[in-house]
Amino acid sequence: MPRKSTRLTFAVLATGAGVFSMLQSLVAPALPTVQHALHTSQSTATWVMTAYLLSASVFTPILGRVGDLTGKKRTLVAVLLAVLAGCLLAALAPNIGVLIVARVVQGIGGALFPLSFGIIRDEFTAAEVSGSISNLSAVIAAGGGVGIVAAGPIVSALDYRWLFWIPVGVVAATVLIAARYVPESPKRAAGSVSWLGAGLLSAWLVALLLPLSQAGQWGWGSARVLGMFGTAVVLFAVWLLAEARSATPLIDLRVMRQRAVWTTNTAALLFGAGMYAIWSFLPGFVQTPASAGYGFGATVTESGLLMLPMLIAMFLSGVIGGRLQHRVGAKAQLTAGAALGALACGFLTLWHDQQWQIGVVAGLFGLGIGLAFASMANLIVGSVPPEQTGAATGMNANIRTIGGSIGAALTSVLVTGRLQPSGLPYASGYTHAWALLALFCLAAAGAALLVPVRRASRAAGPVTERTAAAPARVR
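Residues numbered from 1 in each chain as written. Predicted model: local features only at pLDDT ≥ 70, side-chain atom pairs only at ≥ 80, totals over all residues. Heavy atoms only, no water.

## Considering the overall build of the protein chain
Then comes step 1: When helices and strands are counted, the protein chain shows 20 helices and 0 strands.
Then comes step 2: Overall size of the protein chain, expressed as C-alpha extent along the three principal axes, is 65 × 45 × 45 Å.
Then comes step 3: Residue pairs at least 24 apart in sequence account for 81% of intrachain contacts in the protein chain once pairs closer than 6 positions are excluded.
Then comes step 4: By element, 68% of the accessible surface of the protein chain is carried by carbon and sulfur atoms, the whole surface being about 18000 Å². (Helix = DSSP H or I, 4+ residues; strand = E, 2+ residues; numbered from the N terminus. Contact = heavy atoms within 4.5 Å. Areas by Shrake-Rupley, 256 points an atom, 1.4 Å probe, with all protein chains shown as cover.)

## A look at the packing of helix α13 (residues 259–287) against helix α16 (residues 330–350)
Then comes step 1: At their nearest, the axes of α13 and α16 sit 11 Å apart, and the two run at 40 degrees to each other. Of the two possible hands of crossing, α13 and α16 adopt the one that is left-handed. Together, A267, F271, I278 and L282 of α13 and L334, G337, A338, C345 and L348 of α16 make up the contact between the two elements.
Then comes step 2: In the contact of α13 with α16, the residues fall into 8 nonpolar, 1 polar and no charged. (Axes fitted to C-alpha atoms, helices over the stretch in contact; angles between N-to-C directions. Left-handed = near helix turned anticlockwise from the far one by under 90°. Nonpolar A, V, L, I, M, F, W, Y, C, P; charged D, E, K, R; others polar.)

## Some thoughts on a nonpolar patch on the surface
Then comes step 1: Taken together, the side chains of L305, L308, I312, F315, L316, I320, L324 and V328 define a hydrophobic patch exposed on the protein surface, amounting to about 660 Å² of accessible area.
Then comes step 2: If one sorts the elements of the nonpolar patch by residue count, helix α15 (residues 308–328) sits on top with 7 residues.
Then comes step 3: Here I320 lies in helix α15. (Patch = residues over 30% accessible without salt bridge, like charges linked within 9 Å, V, L, I, M, F, W, Y side chains within 5 Å. Salt bridge = Lys/Arg side-chain N within 4 Å of Asp/Glu carboxyl O.)

## Side note on the packing of aromatic side chains
Then comes step 1: Summed over all chains, the structure comprises 14 aromatic pairs.
Then comes step 2: Ring plane angle 35 degrees and centroid distance 5.9 Å describe the contact between F236 and W239, whose orientation is recorded as tilted. With F236 and W239 both in helix α11 (residues 223–245) and 3 residues apart, the pair spans about one turn of that helix.
Then comes step 3: Overall, W239 belongs to the buried group, its relative accessible area being 3%.
Then comes step 4: Through pairs of rings, three or more aromatic residues link up here, namely F285, Y294, Y430 and W434. (Phe/Tyr/Trp six-rings, centres within 6.5 Å; stacked < 30°, edge-to-face > 60°. Buried < 20%, exposed > 50% of the residue type's maximum accessible area, 1.4 Å probe, protein only.)

## Notes on unusual backbone geometry
Then comes step 1: Of note, H39 is a non-glycine position whose phi angle comes to about 55 degrees, a positive value.
Then comes step 2: Judged by relative accessible area, H39 falls into the exposed class, the value being 73%.

## Things to note about the confidence of the model for the protein chain
Then comes step 1: Averaged over all residues, the pLDDT of the protein chain is 85; the fraction at 70 or higher stands at 94%.
Then comes step 2: A low-confidence stretch, residues 456–475 stays under pLDDT 50, and its non-local contacts, those more than four residues away or across chains, total 50 contacts. (pLDDT = per-residue confidence, 0-100.)

## A few points about the side chain of T393
Then comes step 1: Examined against the element boundaries, T393 turns out to sit in helix α18 (residues 389–416).
Then comes step 2: In this structure T393 comes out as buried when scored by relative accessible area, which is 5%.
Then comes step 3: Residues contacting T393, with those up to four places away along its chain left out, are P114, F117, I380 and V381.

## So, the pattern of salt bridges
Then comes step 1: Summed over all chains, the structure comprises 4 salt bridges.
Then comes step 2: Note that R254 is salt-bridged to D252, the shortest N-O span being 3.1 Å.
Then comes step 3: Overall, R254 belongs to the exposed group, its relative accessible area being 61%.
Then comes step 4: When its relative accessible area of 11% is taken as the criterion, D252 is described as buried.

## Some remarks on α15
Side chains three or four residues apart in an α-helix point the same way, a direct result of the helix having 3.6 residues per turn.
Then comes step 1: Between its terminal C-alpha atoms α15 stretches 28 Å, which fits the 30 Å expected from 21 residues at 1.5 Å a residue.
Then comes step 2: Remark: the principal bend of α15, roughly 45 degrees, maps to G322.
Then comes step 3: After α15 finishes, the residue G329 shows a positive phi value of roughly 90 degrees. (Expected span 1.5 Å × (residues − 1). Bend = angle between axes of the 7 residues up to and from the residue.)

## What to know about the environment of V286
Then comes step 1: With respect to the secondary-structure elements, V286 resides in helix α13.
Then comes step 2: Note on V286: relative accessible area 2%, which makes it buried.

## Some words on the state of the cysteines
Then comes step 1: Following the criterion strictly, the structure yields 0 disulfides and no others.
Then comes step 2: As a non-bridged cysteine, C441 has C345 as the owner of its nearest cysteine sulfur, 4.7 Å distant.
Then comes step 3: Classification of C441 by relative accessible area gives buried; the value is 0%. (Disulfide = S-S within 2.5 Å.)

## Looking at the nonpolar core
Then comes step 1: With 153 residues, the main nonpolar core has F365 and I369 as its most contacted residues.
Then comes step 2: No other element matches the 15 residues that α13 contributes to this core.
Then comes step 3: What F365 contacts, discounting residues up to four positions off in sequence, is F271, G274, M275, I278, M310, G341, A344, C345 and C441. (Core = buried A, V, L, I, M, F, W, Y, C linked by side-chain atoms within 4.5 Å.)

## Observations regarding the environment of F440
Then comes step 1: Examined against the element boundaries, F440 turns out to sit in helix α19 (residues 427–449).
Then comes step 2: In this structure the C-alpha to C-alpha distance between F440 and V34, which are 406 residues apart in sequence, comes to 32 Å.

## A short note on the packing of helix α5 (residues 72–92) against helix α7 (residues 112–123)
Then comes step 1: The N-to-C vectors of α5 and α7 enclose an angle of 150 degrees; their axes lie 10 Å apart at closest approach. Here α7 runs roughly antiparallel to α5, going by the angle between their axes. Judged by the sense of rotation from one axis to the other, the crossing of α5 with α7 is left-handed. Contacts from K72, K73, T75, L76, V79, L80 and V83 of α5 reach α7 at L112, L115, S116, G118, I119 and D122.
Then comes step 2: Its residues placed into classes, the contact of α5 with α7 shows 7 nonpolar, 3 polar and 3 charged. (Parallel < 35°, antiparallel > 145°, perpendicular 65-115°, else oblique.)

## Considerations on the environment of Q325
Then comes step 1: Of note, Q325 is situated in helix α15.
Then comes step 2: Expressed as a C-alpha distance, the spacing of Q325 and F440, which sit 115 residues apart in the sequence, is 24 Å.
Then comes step 3: Not counting chain neighbours up to four residues away, the residues in contact with Q325 comprise S130, S134, A330, Q333, A374, S375 and N378.

Written out as structure tokens, the structure is:
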């Protein structure tokens, strides 16, 4: 039974996770402004995004596991303090180097996702777990949309530094409330952190994600990119071997091999490829001058407003999906969410000449994101033992990020691979990219269909040792 107000606990978790999600997308539209203000090059400015991505990828599963072992509440407060410090440092950064360091510190906040899911599972009643996870997932999804929509107005009315000053105030209040009112979870995993596993995980993630994010500048066929990809493969194999032999692995591979887990993670990888690429490239598409033969010459603020239907739809579908999950099941919602993403990208491939068409696409994709985020989290939480919740949900978030990096990298190749004399991409680059993203989302729907169905209790309650040992069958 919950020992304190679950509403207040949820508000704290939602605020922290929502702010981190917003910081993911809030900075991207403002990168040209940051580049000009800090007198740096475009290639250097992109590290503001890359550093955040790499940091979050490393810290999300590791600190999720630390929370499982040492206490989710204390780890949550520590992570919130790190986000606060990172935002404060970014707001005061005198040069691009300090801003990049600040973004690395902010990236620690990626652990807020698995820690929040774990606290909900530990502290809320069984009947509240599924709906609360869906609601939190809706907030996380909407946070990314808020970043896209709000960046332009904030920079235009104030200054790019207010992209960080505003989160400073919000996170500071959240830290105080969390320290006072969020209860410490009584359930702890046995063992200790496998630092060898943590180091190897960090190494192969960096070796994979760094060339994906920088290949456009380094060259896909360059020795640096190919060498890092090869290194990532070797380190991944070594990590798997080390985790399999460890008495206290960072990521329990037996849990990862459960059908409900690996199919959900596969869907997360593929859907993430479509979602993050849409977030990254659709605003640029609408900002392209009409002289290029497409686009609307929108400002950053106007392009954000065109994405507003996505923000509203993803929040509403996430919340409503939580209410419907007991009736239709998480598997059906994940399949429907990925299918809506495929439909949106297919629509965008064929029709993108009017602004209302962009709004329809954004709304459809938003519906898909809301359903997919909520169902993925519930499928993972309902399939793993309580002491593995942080590590498993952290790995799911990471896999979605890896998919996003792959999708964004391939989209960049298609969009920027051939340019007009004006330096702008051809329309065909975008249409080929939208078609590829439709295929990614369609494949995600196919992976979702492989998730096993469980006719079980109404809520995702704790999974026993016995059920964890056998392949879970999750509805």
